[in-house]
Amino acid sequence: MTARPLSTIELRGAPQVWLGVNFWSRVGGPRMWTAFDRDVVRRELQVLADHGLNVTRSFFFLPDFMPAPDTLDEACCDRYAQFLELSAESGLGTIPTFVVGHMSGENWDVAWRGGRDVYADGWLLAQQCWFAEQMAARFGGHPAVVGWLASNGVSLYGGGHGPSTRTCIRRPGSSRARAGPAGRIRARAPPRSGSRAGS
């Protein structure tokens with residue numbers, strides 16, 4: 001059995017088991033950050049909360065969030081910030097996923113990859129680390145963020161999963177995400193329903 005030291009979260013003064021789902025809105029699917037419908041997302045999150053869920057896994061869809069090296073799409077970042085606000089309103093926490101190149105049965109590559117190895121090319125690893133640091137700096141202090149995930153569909157996207165690859169997978173964002181605004185990464189309770197971001 002896999003050891004899970006953060007298998008529970010503190011919620012309203014008592015430990016609760018993480019119960020959640022991967023989240024894409026029905027409007028846009030993986031491309032929801034370019035087709036964001038705030039009212040639909042609010043209703044979808046509330047349905048999850050009404051059914052007793054307390055956490056989602058959310059995804060920084062890399063081709064949309066990082067359209068070029070050293071570049072963030074500010075519209076996508078703003079929509080993700082709105083998603084965090086809506087999650088907090090519904091009493092849900094979320095686990096953002098940094099590097100999403102494979103999702104829903106397909107590879108979604110950045111246009112500027114240029115055939116580089118996702119897990120071995122130094123320049124491309126640096127780009128992934130930069131992106132993760134930017135996201136952690138922007139959103140790490142939000143009460144709806146309860147953890148971080150490095151990537152999704154690792155072997156399907158980049159291929160290979162030996163020891164060296166596993167080391168590379170841990171690199172993106174590890175320093176900033178682990179440090180975070182509070183100096184360490186930790187599990188946090190999803191915010192209570194009705195709470196506001198930053199409160």
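Residues numbered from 1 in each chain as written. Predicted model: local features only at pLDDT ≥ 70, side-chain atom pairs only at ≥ 80, totals over all residues. Heavy atoms only, no water.

### Observations concerning the environment of Arg 31
(1) Moving on: Tracing the sequence through the fold places Arg 31 in the loop between β3 (20-22) and α1 (38-50).
(2) Moving on: Beyond its immediate stretch of four places on either side in the chain, Arg 31 contacts Phe 61 and Asp 64. (Helix = DSSP H or I, 4+ residues; strand = E, 2+ residues; numbered from the N terminus. Contact = heavy atoms within 4.5 Å.)

### Comments concerning the packing of α1 against helix α3 (residues 74-90)
(1) Moving on: Between α1 and α3, the least distance of the axes is 9 Å, while the angle of their chain directions is 35 degrees. Judged by the sense of rotation from one axis to the other, the crossing of α1 with α3 is right-handed. For the pair α1 and α3, the contacting residues are Arg 38, Val 41, Arg 42, Leu 45, Gln 46 and Ala 49 in the first and Gln 82, Phe 83, Glu 85, Leu 86, Ser 87, Glu 89 and Ser 90 in the second.
(2) Moving on: A class-by-class count of the residues in the contact of α1 with α3 yields 5 nonpolar, 4 polar and 4 charged. (Axes fitted to C-alpha atoms, helices over the stretch in contact; angles between N-to-C directions. Left-handed = near helix turned anticlockwise from the far one by under 90°. Nonpolar A, V, L, I, M, F, W, Y, C, P; charged D, E, K, R; others polar.)

### Focus: the state of the cysteines
(1) Moving on: Tallying each qualifying case throughout the model produces 0 disulfides.
(2) Moving on: For Cys 76, which is in no disulfide, the shortest distance to another cysteine sulfur is to Cys 77 and amounts to 7.0 Å.
(3) Moving on: Given a relative accessible area of 0%, Cys 76 falls into the buried group. (Disulfide = S-S within 2.5 Å. Buried < 20%, exposed > 50% of the residue type's maximum accessible area, 1.4 Å probe, protein only.)

### A short note on the packing of aromatic side chains
(1) Moving on: A complete count under the given rule lists 18 aromatic pairs for this structure.
(2) Moving on: Relative to Phe 131, the ring of Phe 65 lies with its centre 6.5 Å away and its plane at 75 degrees, an arrangement referred to as edge-to-face. Of this pair, Phe 65 sits in helix α2 (residues 62-65) while Phe 131 sits in helix α4 (residues 122-139), and the two are 66 residues apart along the sequence.
(3) Moving on: Exposure remark for Phe 65: the relative accessible area of 0% places this residue in the buried category.
(4) Moving on: A relative accessible area of 0% means that Phe 131 is categorised as buried.
(5) Moving on: Put simply, the rings of Phe 23, Trp 33, Phe 36, Phe 60, Phe 65, Tyr 80, Phe 83, Phe 98, Phe 131, Phe 139 and Trp 148 touch in pairs and so form one group of aromatic residues. (Phe/Tyr/Trp six-rings, centres within 6.5 Å; stacked < 30°, edge-to-face > 60°.)

### Let's talk about unusual backbone geometry
(1) Moving on: Unlike most non-glycine residues, Asp 70 shows phi in positive territory, near 55 degrees.
(2) Moving on: On the secondary structure map, Asp 70 appears in the loop between α2 and α3.

### Describing the pattern of salt bridges
(1) Moving on: Inspection of every chain in the model, using the stated rule, returns 7 salt bridges.
(2) Moving on: Of the charged contacts in the structure, one is a salt bridge between Arg 26 and Glu 44, with a shortest N-O distance of 3.3 Å. Of this pair, Arg 26 sits in the loop between β3 and α1 while Glu 44 is found in helix α1, placing the two residues 18 residues apart along the sequence.
(3) Moving on: One salt bridge connects Glu 89 with Arg 42, and the closest N-O pair in it is separated by 3.5 Å. Within this pair, whereas Glu 89 is found in helix α3, its partner Arg 42 is found in helix α1, the two being separated by 47 residues in sequence.
(4) Moving on: Residue classification places Glu 89 among the partly exposed positions, given a relative accessible area of 27%.
(5) Moving on: For Arg 42, a relative accessible area of 30% gives the class partly exposed. (Salt bridge = Lys/Arg side-chain N within 4 Å of Asp/Glu carboxyl O.)

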